[in-house]
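Examining the three-dimensional arrangement
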Amino acid sequence: MIDSRFFREDCYINGLWVGGQDRIKVNNPATGEVIGSVPKFGRKETAAAIDAAQEAFLLWREKPAVERGELCRRFYQALMDNQKELGRLLTIEMGKSLKEAMGEVAYAANFFRWFGEEARRIYGDVIPSPWAGKRIIVTKEPVGVVGSITPWNFPTAMIARKAAAAMSAGCTIVAKPASQTPFSATAYGVIADDVGIPKGVINIITGKAGEIADEMCENPKVRKITFTGSTEIGKQLASKAMLHMKRVSMELGGNAPVIIFDDADLDRAVEGAMISKYRNSGQTCVCANRILVQAGIYDRFAEKFAAAAAKLKVGDGLEDGTEQGPLIDDSAVTKVEQHIEDATSKGAKVIAGGKRHARGRSFFEPTVLRDVTPSMLIARDETFGPVAPLFKFETEEEAIAMANDTEYGLASYFFTSDLGRAFRVMEKLEYGMVAINEGILSTEVAPFGGVKESGLGREGSKYGVEDYINTKYALFGGLTK
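Residues numbered from 1 in each chain as written. Predicted model: local features only at pLDDT ≥ 70, side-chain atom pairs only at ≥ 80, totals over all residues. Heavy atoms only, no water.

We now examine the sheet that holds strand S20 (residues 469-476). In spatial order, the strands read S5-S6-S20; together these three strands make up an open sheet with antiparallel pairing. Of all the strands in the sheet, the pair left with one neighbour each is strand S5 (125-127) and S20. Sheet twist, expressed as the mean angle between neighbouring strand axes with direction ignored, is 25 degrees. Examined bridge by bridge, strand S6 (residues 135-142) and S20 share eight bridges and lie antiparallel to one another. Note on S20: the bridge partner recorded for valine 138 is tyrosine 473. (Pairing = 2+ DSSP bridges. Helix = DSSP H or I, 4+ residues; strand = E, 2+ residues; numbered from the N terminus. Axes fitted to C-alpha atoms, helices over the stretch in contact; angles between N-to-C directions.)

The side chains of a regular strand alternate, residue by residue, between the two faces of the sheet. With seven of its seven residues buried, strand S13 (residues 288-294) lies for the most part within the structure. Direction of pairing for strand S12 (residues 256-260) relative to S13: parallel, over a ladder of five bridges. Bridging across to S13, valine 258 finds its partner in isoleucine 291. Read as a crossover between parallel neighbours, the route from S12 over helix H9 (residues 266-278) to S13 is right-handed. Where S13 lies against strand S16 (residues 387-393), four bridges are found, and the strand directions are parallel. Note that in S16 the partner of isoleucine 291 across the bridge is leucine 390. (Buried < 20%, exposed > 50% of the residue type's maximum accessible area, 1.4 Å probe, protein only. Right-handed = clockwise from strand over helix to strand, strands pointing away.)

The nonpolar side chains of soluble globular proteins are, as a tendency, buried together. Phe75, Phe112, Tyr188, Ile197 and Ile202 are the most contacted members of the largest nonpolar core, which totals 58 residues. For phenylalanine 112, the residues in contact, after removing those within four places along its chain, are Cys72, Arg73, Phe75, Tyr76, Leu79, Ala160, Ala163, Ala164, Met167 and Tyr188. (Core = buried A, V, L, I, M, F, W, Y, C linked by side-chain atoms within 4.5 Å. Contact = heavy atoms within 4.5 Å.)

A few words now on unusual backbone geometry. With the exception of glycine, most residues fall at negative phi, and the peptide bonds are largely trans. For asparagine 280, which is not a glycine, the phi torsion comes out positive at approximately 55 degrees. Structurally, asparagine 280 can be placed in the loop between H9 and S13. Overall, asparagine 280 belongs to the buried group, its relative accessible area being 2%. For asparagine 437, which is not glycine, the phi dihedral falls at a positive 65 degrees. As for its position among the elements, asparagine 437 is in the loop between strand S18 (433-436) and strand S19 (455-456).

As C-alpha cells, this is what we get:
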C-alpha cells in the first residue's frame, strides 16, 4: 500500500469516489509487487460518468472564462505544491526515475497554467459584411463533453494536455487512464476536490478499455474523443467516433529520426541523441527510433554515443542516481529483444548493452546497434525501448529520403551548424515537429502533434484549444432603418 492521500483505488465520478467488486491489479514494474487495484468498470459506469459530465457542462460553459482560468491556475499550483509526492506515486506505478517523474508532474502542471491563461483569449470575430444592413459575427463555443483515453508512459502529463485544454474552453471531461498506471489519474480527483472544481467537470474511470471506448464513441452526449496511443487503436477509435460525426484528436505512433550531419557539433549531437533516445527508457512516442549519421563522422559518433549509453545507471526509479528504470512489462522487453535479434541476424553489431539487465524483471541494458540498414525490423517498427540503431548515410538528400521513408510523421531531430541546411532540411522533413540541434522539444507553449499516420490535431499552445471549440457564424439582418 502506498502511503499517500493521493493514492485512491476508486474512480472519481460526479465528485464522488465510486468503487466496484471486479478489480484490476496494478504492479510496480521495478519490483513486481502488487501496489493496489482499481475498479474494472464498463459501459454502465461510463454512461453514468458521461451523464454527470453533461449535467456539469451546462453550468461550466456559462462560468466566465476568468473563473475557469483561475480554477485551472489552482490546479497548476496544487500539482506543483505536491510535485514530489505525485512524482513518487508515478514512479512506483510506471517505473521511471523520480527525477523524470517530478519533471513530468511539472510539465503536466504547466498545461493547466497555460490553458488557464488562454481561457480569456478564445476570441471571436466581426467579419466585414458584403451586404448593407447586415453584420457577420463569429463566436467560439465549447464542444461539449470530451471522452479522453490516455497511455501508461506519461500518466500524469497526457491527461493534463487534454483536461486543461478542455476545461479552459468550457468543456467537461471523462478520462480513462491506462490500466497499468491508473493512480496518477485518480490523483486528479483528489486535486479537483482540493481546488474546488465543480462536480462532474472532470471524471476519472478505469476498467474495460473496449467497453469504455465504445460507450464514449457511441453515446450522443460525448461530442469529442481525444486519444493518445498506438496508430492501430487510434484508427479504430476514430472510425467508431466518425460513425457519429464526433470531433477527434489523435496523437498516435511515431518513428522519429535523428539526423547527425558531419558539420554538427559532435558532443552536442551525442548529448541530444542521448536525451531523445533514453528518456523514459525509450518509452515515448517522440523518442529517437532511428539515428542517421553521415559517413564522415559515423565511427566517431558511434564510439562516443556507445560510451555515453554504457554509463547510464539502471535501477529502481526511487533509488538515488537512477537514470533509466524498468520497461513497463515483460512484453515490452520481448519486443526489444525481437528487434535486436532481427537486426543482428541481418548484420547489425551490438556496441553497447544488448541484453536484459542483471537486475532481472523488465530491466534492460541501454543498447546501441551499429551498421543498421533499412531492411531491418527496427527501421520500420517503433521499438518503445532503450535501443538506439545507428544508420549511415552519405548525402543530405539521402538523409531526408531515409527520414521520410515511414508512414509516421510525429517528431524528428537533426544536428547541423549550417544555417542554410537547417532551413532546407526542416522544410523537407514530413513531420509535425522538428527540433534542430536539440534532443527534446515538448513544451506546453508549442503545438504537439503529427502528420501522416501519426495523428490529427494539436495539443498545447494557442492551437491546442481549437480542438475543443466550435466556431459559430451569426448573421444579423434588418439593421437599416
